[in-house]
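Residue-level structural notes
What follows is the residue order along each chain.
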Amino acid sequence: MQETRLRVGVLGSTLVEVNGLAMELGSLKQRALLAVLTLAEGRPVSADRIIEALWGDRPPAGVVTTVHGYIAALRRILEPHRRPRTPAAVLVTTPAGYALRLAADGTDAAQLSGVVAETARVLDRMPDPLRPSCTAADRPQLTDILHRLTEALQTWRGLPYADLADCHHSIGERQRLDEVKLTAQVQRVVIILAIGDNGRAAAELDGLIAEHRLREQLWVLRAVALARDGRQAQALDGLQDLREVLAEELGIDPSPAVRQLQADILRQENGTATPVPATPPASAIRRFPRPLTGRDTELGILVDALPRAAKGWTQLIRVTGEEGIGKTRLVQELADRAVDTGFRTIEIRCSADAGAPDLWPIHRMLDHPACGRAEVTLPTDLNCPKARFLFAESVGTALRAAAAAGPLLVVVEDLHRADPRTLGVLGHLAAHCPDLSLVLCVTQRPAPTDGPWGELEDTFTRSGATTVSMGPDTSATADLERPGTWAAGDPDARPDPALPAVVTTAGSSSVAVGVSPALPMQYPGRRSAYSTTGSRSVGSRPVGRPFPVDVQFRVS
């Protein structure tokens, strides 16, 4: 018989998943019955207690038969593969009543409580949880726990055991779960503060304090976050607000820890000082004095990925095109836009040098300051699949830690030159890291569709990657056309060196370039055309191989 994986949701209205599929539970009373059985945590529940919980002191006629019907229906839902006339293994009958046999983590409430307990054991090792910090070695573990806490909190959909309404049996458990939820929220903030995202921690604490004004711990953590974020005056004002709230509501003074924190903030000591800002990365400085033209559609697709990544959904992008088509210029514009919206960027290029070692682009990425200069040990045997998998997992952990500190853009250029091991790691990241604040963008020329390149393309496609295939820019003529500065038919006139031109290549590709006044000119009617054979130039950078070029000057 097939094993059944069962999960019951009680953090809101009652839900049930069987083998990962959400099941229809039917009427409110049937959902309430499952909630009553779940609340008992495996202990038998008598028929009388079920009737009281569902109908209070006014049960309808034939209520016992109705309960039996609900029990039978639930058994069919919870054990869809159970054969007729075989004993139930999940919703069982005992001499004392009915019992629901779930795994220890078989409910969303149990999963949340389990993550909170595990997190508490980790945070207990911090020297001072009110001024949290972590080492580089601790960061990956904290980042992983932060991710799990966030996932567990997302299962909270409303009032626990909502289908039991005002049933007195659920009151105590609801209060306990409310406390578990608050503990998880505080743990999240402590970890966020420990890994250095001070502004984000302060913002989350504002919301928590609005709901729990008498929790001194929240005010203290907020003051630490604000002080580390360079807002010492706000931090001190917040502690004064705490003093007033406690005096008005409870008639007490803050603890000695609060008074000590005020003194430390004034002296910027003991974990309250503003960190020295790091030198901005080179990508934070705009590299192009003029805007990118003729690629609005492609750029729009790339830029649309930024807000989705900022929300914690990994975005995969492939930019493909022939040599010189403008892939680098496009992704560099993306990097500038990303920096403007708060992203940190890592830009690396695969080497054409045959002597470059395997995984060289990955090591460059890990050694970047935005990745925390993560130390990941290279496997001793690159031919061992398990060793390669564990290495890729370590890279994913390092990226998860980096993305937890703020959204991240990683650009890997010239992927067609990458070694197969690098392609394998990128494929692993695409397949196994779907929930990071990360944009992973690769550029490449048309690559083989078989072997490791084909496998990576398939993985990107299955993982929802966006592919931008750069072809001819047909918009450049319209975008750049403007009045000329010489009279048509005047053989002695020379065009303005600043006048844009359109270079029409053999593939109908149009690229904006500067016009050299030294070009020999001919003026047939209202057009000027000059044909030659030579290397084309985009801006001042020669690219590609020699081919015929027609330069056309539009005049009016």
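Residues numbered from 1 in each chain as written. Predicted model: local features only at pLDDT ≥ 70, side-chain atom pairs only at ≥ 80, totals over all residues. Heavy atoms only, no water.

1. Observations regarding the overall build of the protein chain
- Along the backbone of the protein chain there are 17 helices and 16 strands.
- Expressed as a percentage of the 556 residues in the protein chain, the buried residues total 44%.
- Partitioning the intrachain contacts of the protein chain with sequence separation of at least 6 by distance along the chain shows that 69% fall at a separation of at least 24.
- For the protein chain, the accessible area works out to roughly 28000 Å², and carbon and sulfur atoms hold 52% of it. (Helix = DSSP H or I, 4+ residues; strand = E, 2+ residues; numbered from the N terminus. Buried < 20%, exposed > 50% of the residue type's maximum accessible area, 1.4 Å probe, protein only. Contact = heavy atoms within 4.5 Å. Areas by Shrake-Rupley, 256 points an atom, 1.4 Å probe, with all protein chains shown as cover.)

2. Topic: the nonpolar core
- Among the nonpolar cores identified, the biggest contains 84 residues, and Val-16, Leu-37, Ile-50 and Leu-112 are the most heavily contacted of them.
- The contact partners of Ile-50, leaving out residues within four places of it in the chain, are Leu-33, Val-36, Leu-37, Val-45, Val-67 and Tyr-98.
- The next biggest cluster of nonpolar side chains, apart from the first, holds 36 residues, and it includes Leu-316, Ile-362, Ala-392 and Ala-403. (Core = buried A, V, L, I, M, F, W, Y, C linked by side-chain atoms within 4.5 Å.)

3. Details of the packing of helix 6 (residues 171–194) against helix 7 (residues 198–211)
- Between helix 6 and helix 7, whose axes approach to 8 Å, the crossing angle comes to 160°. If you check the angle between helix 6 and helix 7, you find them roughly antiparallel. The two elements helix 6 and helix 7 meet at a crossing, and its hand is left-handed. Taken together, the residues of helix 7 that come into contact with helix 6 (itself represented by Leu-182, Gln-185, Arg-188, Val-189, Ile-192 and Leu-193) are Asn-198, Arg-200, Ala-201, Glu-204, Leu-205 and Leu-208.
- Of the residues contributing to the contact of helix 6 with helix 7, the split by class is seven nonpolar, two polar and three charged. (Axes fitted to C-alpha atoms, helices over the stretch in contact; angles between N-to-C directions. Parallel < 35°, antiparallel > 145°, perpendicular 65-115°, else oblique. Left-handed = near helix turned anticlockwise from the far one by under 90°. Nonpolar A, V, L, I, M, F, W, Y, C, P; charged D, E, K, R; others polar.)

4. A look at the side chain of Thr-320
- With respect to the helices, strands and loops of the structure, Thr-320 is situated in strand 6 (residues 315–320).
- Taking relative accessible area as the criterion, Thr-320 reaches 12% and is therefore assigned buried.
- In terms of polar contacts, Thr-320 uses its side chain to reach the side chain of Ser-469, at 3.3 Å.
- Excluding its chain neighbours within four sequence positions, the residues that come into contact with Thr-320 are Lys-327, Gln-444, Val-468, Ser-469 and Met-470. (Polar contact = N/O pair within 3.5 Å; in protein donor to acceptor, adjacent residues only side chain to side chain.)

5. Regarding the pairing of strand 6
- Taking burial as the measure, the six residues of strand 6 include six buried ones, the bulk of the element.
- By the alternation rule, side chains of strand 6 split into Gln-315, Ile-317 and Val-319 and Leu-316, Arg-318 and Thr-320, which are all buried.
- The pairing of strand 6 with strand 9 (residues 438–444) spans six bridges and is parallel. Each residue of the ladder has a partner; that of Gln-315, found in strand 9, is Val-439.
- Direction of pairing for strand 6 relative to strand 10 (residues 466–469): parallel, over a ladder of four bridges. By the bridge assignment for strand 10, Arg-318 is matched with Thr-467. (Pairing = 2+ DSSP bridges.)

6. Side note on helix 15 (residues 420–432)
- A rise of 1.5 Å per residue sets the reference length of helix 15, with its 13 residues, at 18 Å; its end C-alpha atoms lie 18 Å apart and thus fit the reference within 8%.
- Taken together, the buried positions of helix 15 are Thr-422, Leu-423, Val-425, Leu-426, Gly-427, His-428, Leu-429 and Ala-430.
- Packed against the buried residues of helix 15 are strand 6, helix 13 (360–366), helix 14 (385–404), strand 9 and helix 16 (451–462).
- Taking the backbone nitrogen of Arg-421 as reference, a side-chain oxygen 3.0 Å away marks Asp-419 as the first, capping residue of helix 15. (Expected span 1.5 Å × (residues − 1).)

7. Examining the sheet that holds strand 7 (residues 344–349)
- With respect to topology, five strands assemble into an open sheet ordered 7-8-9-6-10, the strand pairing being parallel. Pairing within the sheet leaves two strands with one partner each, and these edge strands are strand 7 and strand 10. Here the strands of the sheet are splayed against their neighbours by 15° on average, with no regard to which way each runs.

8. So, the sheet that holds strand 1 (residues 6–9)
- If you walk across this open sheet you meet the three strands as 1-2-3, and the pairing is antiparallel. Only two strands of the sheet have a single neighbouring strand rather than two, namely strand 1 and strand 3 (21–22).
- Taken together, the four bridges between strand 1 and strand 2 (residues 15–18) define a ladder with antiparallel strand orientation. Across the sheet, the residue bridging to Val-8 is Val-16, located in strand 2.

9. What to know about empty space enclosed by the protein
- According to the stated counting rule, one finds two cavities of 30 Å³ or more in the structure shown.
- Space inside the second largest cavity adds up to approximately 40 Å³.
- Every residue along the wall of the second largest cavity is listed here: Thr-314, Leu-316, Leu-399, Leu-429, Ala-430, Cys-433, Leu-436, Leu-438 and Leu-440. (1 Å grid on protein atoms, 1.4 Å probe; cavity = no way out; pocket = protein on both sides within 12 Å on 5 of 7 lines; lining within 4 Å. Points joined across faces, edges and corners; volume = space filled by probe spheres on them.)

10. Some remarks on helix 16
- The end-to-end C-alpha distance of helix 16, which contains 12 residues, comes to 17 Å, matching closely the 16 Å that a straight helix rising 1.5 Å per residue would cover.
- Looking only at helix 16, the buried set comprises Gly-454, Leu-456, Thr-459 and Phe-460.
- Close packing links the buried residues of helix 16 with strand 6, helix 15 and strand 9.

11. Describing the pattern of salt bridges
- Per the counting criterion, the structure on display carries 25 salt bridges.
- The residue Glu-173 makes a salt bridge to Arg-176 at a minimum N-O spacing of 2.8 Å. Highlighted residues: Glu-173 and Arg-176, both in helix 6, separated by three residues, approximately one helical turn.
- Looking at Glu-173, the relative accessible area reads 14%, which means it is buried.
- Residue Glu-333 is joined to Arg-329 by a salt bridge in which the shortest nitrogen-to-oxygen separation is 3.0 Å. Of this pair, Glu-333 and Arg-329 both sit in helix 12 (residues 327–340), four residues apart, which is roughly one turn of the helix.
- Residue class for Glu-333 comes out buried when judged on its relative accessible area of 7%.
- Put simply, Asp-128, Arg-131, Asp-264 and Arg-267 are held in one network by salt bridges that share partners. (Salt bridge = Lys/Arg side-chain N within 4 Å of Asp/Glu carboxyl O.)

12. Notes on a negative patch on the surface
- Taken together, the side chains of Asp-237, Asp-241, Glu-244 and Glu-248 present a region of like negative charge at the surface.
- Following the sequence through the fold, Glu-244 ends up in helix 9 (residues 232–249).
- Classification of Glu-244 by relative accessible area gives partly exposed; the value is 39%. (Patch = residues over 30% accessible without salt bridge, like charges linked within 9 Å, V, L, I, M, F, W, Y side chains within 5 Å. Lys, Arg positive; Asp, Glu negative; His and termini not counted. Charge placed at Lys NZ, Arg CZ, Asp CG, Glu CD.)

13. Concerning unusual backbone geometry
- Even without glycine at this site, Tyr-161 takes up a positive phi of about 55°.
- In this structure, Tyr-161 sits in the loop between helix 5 (139–153) and helix 6.
- Among the residues examined, Tyr-161 registers a relative accessible area of 4% and is labelled buried.
- Notably, Asp-414 is not glycine yet its phi reads approximately 55°, a positive angle.
- Looking at the element boundaries, Asp-414 is found in the loop between strand 8 (408–413) and helix 15.
- Look at Asp-414 and you get buried, because its relative accessible area is 10%.

Distances and angles like these do not, on their own, reveal function.
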